[in-house]
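Remarks on the overall topology
One-letter residues, chain by chain:
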Amino acid sequence: MKHHQYAVTPPMGWNSWDCYGATVREEEVQGNADYMAEHLKPFGWEYIVVDIQWSESGAISSAYRPFVPLEMDEYSRLIPAENRFPSAKNNQGFKPLADYVHQLGLKFGIHIMRGIPRQAVHQNTKILGTEKRARDIAKPNSICPWNTDMYGVDHRKEGAQEYYDSLFQLYADWGVDFIKVDDIADSKLYGIHAEEIKMIRKAIDKCGRPMVLSLSPGPATLEYASFLEENANMWRMTDDFWDIWDLLYDMFERCYKWSKNIGPGFWPDADMLPLGHIGIRSVDGGASDRYTRFTKEEQVTMMTLWSIFRSPLMFGGELRDNDDWTLSLLTNQEVLEVHRNGCGARQVYRDNDRVVWSSFGDEQTVYVALFNIADQQQTIEVTINDLGITNNQVELRDVWEQQDVGTITESITYDLAPHASKLLKITDANIKNCHKVTRLNL
């Protein structure tokens, strides 16, 4: 499928939500883009994404204000609030900000809610490309339970596809490379909104600009896996993820369930990385302005799981406040190699809170991740045979430490602290069925 070419490897970037909620401003987006270009771009990080409520001039936190006026053009399309994004003046929209990001060699993304603005429906404003108006295509009983901005769009109505076509043509004109659509992969009220996903897919294909399509929130369900692959590049398999151990613990089961539905261009999404300085103007996650509550062991465990599973990586903190430790989590080239080029990721076994995952690098390389997700120290062991390796002597390397461990002959064993992990690389391995698995995942 053509759109799979837009995200051959899992997207990596920054999203404004975890640190700024609904309130991010243009200078903050530019500042994080500058940091990414200087410190992260050489390691494959490339997307700068403005999250929700960018059309709301008075947004104050991640707490939504119901039924407030939003900035909108004459064709029922939301546009950036100029007091927060000054370069949007004179009907320029996000194009100047996108140009700024592009000049740094990065890509620009935005968040939208599915549907058409309620205020457009109430005012019955025009839709570009049709004589129909907002009220003609709206589905007023299709609403988001946590945000009052939009009504759903009725795909059966004349003008519905034209509305989405005009919306994505506007985004193409702005230079948008990444679209996160919310209240669509799973709704608290209605489940998946499949028909609106189809209209969005058609609109992106028609606009002529490659755009990665990300669907939120989750959990998306496995019964729609094929549909999601056919229409999107990434989709949330979880509700909002925060720096809470129970949520990370739960992610192991989610990754296990989705591990067979991963491939070039289609990525189940474990959600953002709540690392570094978060909660600056966001009240979600149970606490305000803070550095991540994850311990260092938990941060490494999260990055290890996201990397071997190959979830998209979207950093949520204020990049400019990163300390050396946080930066090191994002710039370990050997860890990112697992994320970028691993294939055939699988859970080798789970014995209560002892968990082992593996993936293939090439026909002679296996990556293995050992996790202790218990609240007490445990020994985690995996045999060479468990990993599908047929020869009895291989070389072992600690990926996070970037150090060779030595030769092993039978098994790998580590005593791990609570919530800790090890990510290892095995080389000189003869792997059963490796070529078959690699072909299926390329």
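Please read these numbers as outputs of a predicted model, since none were measured by experiment. (Residues numbered from 1 in each chain as written. Predicted model: local features only at pLDDT ≥ 70, side-chain atom pairs only at ≥ 80, totals over all residues. Heavy atoms only, no water.)

A look at the nonpolar core
Note the cut-off: Throughout this description, the term nonpolar core refers to a set of buried Ala, Val, Leu, Ile, Met, Phe, Trp, Tyr and Cys residues connected via side-chain atoms within 4.5 Å. Think of it in three bands: with a 1.4 Å probe and only protein chains considered, a residue is buried below 20% of the maximum accessible area for its type, exposed above 50%, and partly exposed in between. Helix and strand definitions here come from DSSP, where helices need a minimum of 4 consecutive H or I residues and strands a minimum of 2 consecutive E residues; each element is numbered from the N-terminal end. Domain borders in the structure are assigned automatically or taken from a domain database. Contacts are assigned to residue pairs with any non-hydrogen atoms lying within 4.5 Å of each other.
W45, I110, F168 and W357 are the most contacted members of the largest nonpolar core, which totals 127 residues. Per-element tally for this core: the top contributor is helix α6 (residues 160-174), with nine residues. Counting contributing residues, this core receives three or more from each of domain 1 (2-341) and domain 2 (345-426). Aside from chain neighbours lying at most four places away, what touches F168 is I112, I179, I200, A203, I204, C207 and M211. Counting residues in each nonpolar core, the second largest holds 23 residues, with V368, L370, V394 and I431 among its members.

Observations regarding the packing of helix α10 (residues 296-309) against helix α12 (residues 333-341)
Note the threshold: Angles run from 0 to 180 degrees between N-to-C directions of axes, and those axes are lines fitted to C-alpha atoms, restricted for helices to the stretch in contact. Gly is placed with the polar residues, together with every amino acid not listed as nonpolar (Ala, Val, Leu, Ile, Met, Phe, Trp, Tyr, Cys and Pro) or charged (Asp, Glu, Lys and Arg).
As a packed pair, α10 and α12 sit with axes 6 Å apart at the nearest point and diverge in direction by 35°. Seen from α10, the contacting residues are W306, S307 and I308; seen from α12, they are V335, V338 and H339. Here the residues of the contact of α10 with α12 are counted per class, giving four nonpolar, two polar and no charged.

Section: the side chain of N15
Keep this limit in mind: Any N or O atom pair separated by 3.5 Å or less is treated as a polar contact, with the protein-specific requirement of one donor-capable and one acceptor-capable atom, and with residues adjacent in sequence counted only for side-chain atom pairs.
Secondary-structure assignment places N15 in strand β1 (residues 12-15). A polar contact of 2.8 Å, which involves the side chain of N15, links it to the backbone nitrogen of W17. Among all residues touching N15, those that are not within four sequence positions of it are V49, D51, K180, M272, F315 and G316.

A closer look at α10
Keep this limit in mind: Helix span, as expected, comes to 1.5 Å for every residue beyond the first.
Helix length check: α10 (14 residues) gives 20 Å between terminal C-alpha atoms against 20 Å at 1.5 Å per residue, within 8%. Most of α10 is tucked away, with twelve of its 14 residues classed as buried. Those residues of α10 not exposed but buried are E298, Q299, V300, T301, M302, M303, T304, L305, W306, S307, I308 and F309. Looking one or two residues beyond α10, the residue adopting positive phi is R310, at roughly 75°.

A word on the packing of aromatic side chains
Applicable threshold: The rule is short: rings of Phe, Tyr and Trp, with Trp giving its six-membered ring, pair when the centres are within 6.5 Å, and they are stacked under 30 degrees, edge-to-face over 60, tilted in between.
All chains considered together, the criterion is met by 17 aromatic pairs. Ring geometry for W245 against Y249: centres 6.5 Å apart, planes inclined by 65°, an arrangement best described as edge-to-face. With W245 and Y249 both in helix α9 (residues 245-258) and four residues apart, the pair spans about one turn of that helix. Under the relative-accessibility criterion, W245 is labelled buried at 13%. Geometrically, the ring pair formed by F252 and F371 is edge-to-face, given 4.8 Å between the ring centres and 75° between the ring planes.

Notes on the side chain of T292
With respect to the secondary-structure elements, T292 resides in the loop between β12 (290-291) and α10. Under the relative-accessibility criterion, T292 is labelled buried at 15%. Reaching out from T292, the side chain makes a polar contact with the backbone oxygen of P274 at a distance of 2.8 Å. Within the local environment of T292, its side chain forms a polar contact with the backbone nitrogen of F294, the two atoms lying 3.3 Å apart. With residues near it in sequence (within four places) discarded, T292 still touches D243, P274, L275, G276, I278 and Q299.

A few points about the pattern of salt bridges
As a reminder of what qualifies: Salt bridges are counted wherever a side-chain nitrogen of Lys or Arg sits within 4 Å of a carboxyl oxygen of Asp or Glu.
The final tally for this structure, using the stated rule, is 27 salt bridges. Across the pair D165 and K206 runs a salt bridge, and its minimum N-O distance is 3.3 Å. With D165 in helix α6 and K206 in helix α7 (residues 194-207), the pair connects residues that are 41 residues apart, well separated along the chain. Residue class for D165 comes out buried when judged on its relative accessible area of 14%. Put simply, D404 and R397 hold a salt bridge, and the shortest N to O gap is 2.9 Å.

A short note on the UniProt feature "domain: Alpha galactosidase C-terminal" (unreviewed entry) in the protein chain
Stated precisely, the cut-off is as follows: UniProt positions are given in the numbering used here, feature names are shortened, and annotations may be inferred rather than shown by experiment.
Under the UniProt annotation, the feature "domain: Alpha galactosidase C-terminal" (unreviewed entry) is placed at residues 352-426. Taken end to end, residues 352-426 comprises 0% helix and 61% strand; its first and last C-alpha atoms sit 25 Å apart.

What about the packing of α6 against α7?
Defined as follows: The cut-offs work like this: below 35 degrees is roughly parallel, past 145 is roughly antiparallel, 65 to 115 is roughly perpendicular, and the gaps in between are oblique. Left-handed describes a crossing whose near helix is turned anticlockwise from the far helix by less than a right angle; the clockwise case is right-handed.
Contact pair α6 / α7: the axes reach a minimum separation of 8 Å and the direction vectors enclose 45°. The orientation of α6 with respect to α7, classified from their angle, is oblique. Where α6 crosses over α7, the handedness of that crossing is right-handed. Two secondary-structure elements touch here, α6 through A160, Q161, Y164, D165, F168, Q169 and A172 and α7 through E196, M199, I200, K202, A203, I204, K206 and C207.

Digging into the domain arrangement of the protein chain
Note: interface size is frequently given as the accessible area lost on complex formation between the parts. Domain boundaries assigned for the protein chain yield domain 1 (2-341) and domain 2 (345-426). Listed by partner, the interface residues are 25 residues for domain 1 and 25 residues for domain 2. Summed over the shared surface of domain 1 and domain 2, the number is one salt bridge. Summed over the shared surface of domain 1 and domain 2, the number is ten residue pairs in polar contact (both at pLDDT 80 or more). For the side of domain 1 that touches domain 2, the secondary structure elements donating two or more residues are α9, α10, α11 (324-330) and α12. The greatest single-element share of the side of domain 1 that touches domain 2, amounting to nine residues, is contributed by α10. Of the residues in the side of domain 1 that touches domain 2, the class split is 13 nonpolar, seven polar and five charged.

Describing the sheet that holds strand β6 (residues 150-153)
As a reminder of what qualifies: Strands are treated as partners if at least two bridges between them are detected by DSSP.
Pairing is antiparallel in the open sheet, where three strands are placed in the order β4-β6-β5. Here the strands that pair on one side only, and so sit at the sheet edges, are β4 (116-117) and β5 (138-143). Looking at chain direction, β5 and β6 are connected through three bridges and run antiparallel. Counted as the bridge partner of A138 is V153 from β6.

A closer look at unusual backbone geometry
Excluding glycine, residues mostly carry a negative phi; peptide bonds, for their part, are mostly trans. Across the junction of S216 and P217, the peptide omega takes the value -20°, indicating a cis bond. The residue P217 is located in the loop between β8 (212-215) and α8 (225-231) in this model. Residue G218 is joined to P219 through a cis peptide bond whose omega torsion reads 5°. In this structure, P219 sits in the loop between β8 and α8. In this structure, N90 takes a positive phi of about 60° despite not being glycine. In this structure, N90 sits in the loop between β2 (47-50) and α3 (95-103). Of note in the backbone geometry, D183 takes a positive phi value of approximately 55° without being a glycine.

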